[in-house]
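Residues per chain are reported as follows:
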Amino acid sequence: MIKLFAADLDGTLLNALHQTDPVILRSLRRLRAAGAHFSVATGRTLRSNRTLGFEGNVGVVCCNGSIVLDEKGHVARTAPLPEGFAGELAAAFPKAAIDFITAEHTYHLCSEAQHAAAYAGMPLWRKVVMRGMSMTGGPEHVYDCDPAQIAGLEVCKINAHIDGMPEAPEVASFIAEHPEVVNAPFNPSMFEVTRAGVNKGEAVAWLAGYLGIREDEVAVYGDGGNDIQMLERFAGYGHAYATSNGSDAAKHAAGNVIGSCATWAVSRHMLVTLRAQ
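Please read all numbers here as calculations on a predicted model, not as lab measurements.

Participant: I'd like a rundown of the packing of aromatic side chains, residues and numbers included.
Facilitator: The way to describe two aromatic rings as a pair is by their centre distance and the angle between their planes. Under the defined criterion, the tally for this structure stands at five aromatic pairs. Taking 5.7 Å as the distance between ring centres and 50° as the angle between the ring planes, the aromatic pair formed by Phe85 and Phe174 counts as tilted. Of the two residues, Phe85 sits in helix 3 (residues 85–92) while Phe174 sits in helix 7 (residues 168–176), which places them 89 residues apart along the sequence. Ring plane angle 85° and centroid distance 6.1 Å describe the contact between Phe93 and Phe174, whose orientation is recorded as edge-to-face. Within this pair, whereas Phe93 is found in the loop between helix 3 and strand 6 (98–101), its partner Phe174 is found in helix 7, the two being separated by 81 residues in sequence. Of the two residues, Phe93 and Phe174, both sit in the buried class. Taken together through their ring pairs, the aromatic side chains of Phe85, Phe93 and Phe174 make up a single cluster.

Okay, structure coming up:
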C-alpha cells in the first residue's frame, strides 16, 4: 500500500508550462483527503510548501535532497556541504556567477546584473524554468558577497549555469578534485553540487521514516538526471515511475514508464494507484 507519493516537478508533476494547475492541485487534495502523503522532490530551491500554488500540508524535498521541509513548512533537515568547501570554491573563483544556497537565502559573489547576464543567453523555455526555481532576482537573493562571507555560511547546495560562465571548465575540475561532493544536475547546462551521499532518493527515504512510513510504501516519479538515484532506490519495490517525456536514463532507472507531464500523467497515476488500494 502506497502511503507517500513523491514527485519531481519540471518534466514530471508540473504541466508543460512548468506550472501547477487545477488538475494537479485537485489530485493532491484527493490524495490528502484519502489519508495519503505527498512530497515534492526537486532540485529547485523551495523555501515554502505553498510555492507554486501548493496548499500546504505537503512535504518538500528540495535542492536535490539537501533541504527537507515537513508538511507544516518547517525545515526538518538540512545536509550542508562539507565544512570549508563553499569557502574554498568562492576563494578560487571570486567573480564567478555561482549560487550558494542556504535554508534562508541564496548568496552570490557577483552583482545582480552580472548574475542575470549569466542566464541571458539561454533558451526561453529554460528561462521560464529558472525563474520558477527562484534562481534569479527577488528578496531571497543576496548579491556582492565576498569569499569570507561565503565561508561563514551553512551552504547546502551550489548552482551555476555553465553556458554563461567562462570559468566553467575550471570549476568542473575543482569539483572533480573533491570526492566529498557530487554534481548531479537536472540538465547538462548546469552545475548542481551537494554533499556526496545526499540526493533525492536518500532524502525521500529520510522523510518517509520521519513520517513513520516504510520505503516499500513509497512511490516516486521523475524524468531527469537528478532523479536517477531516487528512481533506482525505489525501483526495487516496483514503485518508481518515469514520465514518457523523460530521459532514457530515467526510464531505465525506474523500470516503469507512464504518460507525459503534458497530459498530467503523474496526477492521474497517483489517483489510479489510490483507487486500486
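Participant: Can you lay out the nonpolar core for me, pointing to particular residues and giving the numbers?
Facilitator: Counting residues in each nonpolar core, the largest one holds 33 residues, and the members touching the most others are Phe5, Leu13, Leu31, Phe38, Phe54, Tyr221 and Met270. For this core, the secondary structure elements donating two or more residues are strand 1 (4–7), helix 1 (9–13), helix 2 (22–33), strand 2 (37–41), strand 3 (59–62), strand 4 (67–69), strand 12 (218–222) and helix 11 (265–276). The element best represented in this core is helix 11, accounting for five residues. The next biggest cluster of nonpolar side chains, apart from the first, holds 24 residues, and it includes Ala90, Ala160, Val171 and Phe191.

How each quantity is defined
Residues numbered from 1 in each chain as written. Predicted model: local features only at pLDDT ≥ 70, side-chain atom pairs only at ≥ 80, totals over all residues. Heavy atoms only, no water. Phe/Tyr/Trp six-rings, centres within 6.5 Å; stacked < 30°, edge-to-face > 60°. Helix = DSSP H or I, 4+ residues; strand = E, 2+ residues; numbered from the N terminus. Buried < 20%, exposed > 50% of the residue type's maximum accessible area, 1.4 Å probe, protein only. Core = buried A, V, L, I, M, F, W, Y, C linked by side-chain atoms within 4.5 Å.

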